[in-house]
Amino acid sequence: MKNLLVEYNVIEYGKDLLAEAADVSKPLMLKNVLLQRAEAKNQNGRIYPREVLQREAGLYKENFVTQRRALGELDHPESPVVNLKNVCCNVTELWFEGQDVRGNIEILSTPSGNIVRELIKNNIRLGVSSRGMGSVKSIGENTVEVGDDFSLICFDIVSNPSTHGAFINENKGSQIITPYSIVTGK
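Residues numbered from 1 in each chain as written. Predicted model: local features only at pLDDT ≥ 70, side-chain atom pairs only at ≥ 80, totals over all residues. Heavy atoms only, no water.

## A short note on the sheet that holds strand β9 (residues 143-146)
Keep this limit in mind: Two strands are said to pair when DSSP picks up at least two bridges between them. Only DSSP runs of H or I with at least four residues qualify as helices, and only runs of E with at least two residues qualify as strands; both kinds are numbered from the N terminus onward.
In spatial order, the strands read β3-β9-β8; together these three strands make up an open sheet with mixed pairing. Both outer strands of the open sheet, β3 (46-47) and β8 (136-140), are each paired with one neighbouring strand and no more. Note: β8 against β9, four bridges, orientation antiparallel. Pairing of Gly140 across the sheet is with Thr143, part of β9.

## A word on helix α2 (residues 111-121)
Our working rule: Accessibility here uses a 1.4 Å probe with only protein chains present; expressed as a share of the type maximum, an area under 20% marks a residue as buried, one over 50% as exposed, and anything in between as partly exposed. The arc in question is the one traced by the directions running from the helix axis out to the C-beta atoms.
Within the sequence span of α2, burial applies to Ser112, Gly113, Val116, Arg117 and Ile120. All buried residues of α2 project into a common sector of 145° when viewed along the axis, lining one side. Among the residues trailing α2, Asn123 stands out with phi positive, at a value near 60°.

## Considering the packing of aromatic side chains
Formally: Any two of the Phe, Tyr and Trp rings considered here, Trp counted by its six-membered ring, make a pair once their centres fall within 6.5 Å; the pair's planes then place it as stacked at under 30 degrees, edge-to-face at over 60, or tilted in between.
Per the counting criterion, the structure on display carries three aromatic pairs. Each ring, one from Tyr48 and one from Phe150, has its centre 5.3 Å from the other, and the planes form 80°; the classification is edge-to-face. With Tyr48 in the loop between β3 and α1 (50-65) and Phe150 in the loop between β9 and β10 (151-158), this residue pair connects regions lying 102 residues apart in the sequence. This pair shows no difference in class: Tyr48 is buried, exactly as Phe150 is. Measuring from centroid to centroid gives 5.2 Å for Tyr60 and Phe64, while their planes differ by 25°, and the two rings are stacked.

## Regarding the environment of Asn142
The following threshold applies: Only heavy atoms matter for contacts: two residues are in contact if any of them lie within 4.5 Å across the pair.
Structurally, Asn142 can be placed in the loop between β8 and β9. Since its relative accessible area comes to 61%, Asn142 is described here as exposed. Once the C-alpha coordinates of Asn142 and Lys41 are considered, the two residues, 101 residues apart in sequence, prove to be 9.8 Å apart. Residues within four places of Asn142 in sequence aside, it is in contact with Lys41 and Gly45.

## Considering the state of the cysteines
This is how the line gets drawn: Whenever a pair of cysteine sulfur atoms sits within 2.5 Å, that pair is classed as a disulfide.
If you walk through the whole model with that rule in mind, you get zero disulfides. Free cysteine Cys88: the closest other cysteine sulfur is in Cys89, separated by 3.9 Å. In this model Cys154 remains outside any disulfide bridge; the closest cysteine sulfur is found in Cys89, 7.8 Å from its own.

## Thoughts on the side chain of Arg102
Note the cut-off: The term polar contact refers here to a pair of N or O atoms within 3.5 Å; inside protein, the definition further demands a hydrogen-donor-capable atom paired with an acceptor-capable atom, and it admits residues adjacent in sequence only when both atoms are side-chain atoms.
With respect to the secondary-structure elements, Arg102 resides in strand β6 (residues 100-107). There is a polar contact of 2.8 Å between the side chain of Arg102 and the backbone oxygen of Asn32.

## Structural notes on the pattern of salt bridges
Our working rule: Should a side-chain nitrogen of Lys or Arg be within 4 Å of a carboxyl oxygen of Asp or Glu, the pair is scored as a salt bridge.
Scanning the model with the defined rule gives ten salt bridges in all. With a closest N to O distance of 3.1 Å, Arg131 and Glu73 form a salt bridge. In this pair, Arg131 sits in strand β7 (residues 127-134) while Glu73 sits in strand β4 (residues 71-73), placing the two residues 58 residues apart along the sequence. Across the pair, Glu73 and Arg131 agree in class, each one buried. Residues Lys137 and Glu145 are paired through a salt bridge, measuring 3.8 Å at the closest nitrogen-oxygen approach. A network of salt bridges, in which partner residues are shared, links Arg37, Glu97, Asp100 and Arg102.

Printed below as a string of structure tokens:
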């Protein structure tokens with residue numbers, strides 16, 4: 001039986017970029033964000049096999065990222081459908097780095113995106129969470145492995161990530177980039 005599976009990661013950003021989040025006229029980009037991790041038990045007790053995660057990341061990149069429709073919501077709904085009125089972000093790039101799925105995320109100028117921008121501006125820790133459908137099988141006490149039938153739906157912005165090291169502020173190498181920071185190098 002397929003279940004709705006959600007995983008959380010924290011997004012990292014530097015204090016010097018917090019003020020830039022206030023200017024909604026400029027695109028707000030989160031760069032090099034940890035989106036998901038393979039072969040590691042997360043806080044939900046799930047392990048995603050690398051081959052499953054790699055397959056789904058590739059399909060997601062091909063069918064959503066490259067077509068500029070890799071939309072995510074603010075918080076997880078209890079549905080596998082991405083609701084456009086709650087969209088806050090769009091994944092613009094996606095890649096595998098070691099066991100990690102990483103990407104760049106654009107925060108949109110939607111009502112939900114503006115909430116994310118305000119939270120970042122106020123130095124609130126946020127995370128990224130994958131949402132997908134699939135089965136799990138028990139492989140030990142409090143540990144399940146995600147099945148081969150897993151299907152990645154999207155990446156949402158959330159308050160409590162399950163993937164270790166996935167908070168915006170703890171994600172090594174990730175940063176917020178705006179046109180201002182690109183020009184000034186900050």
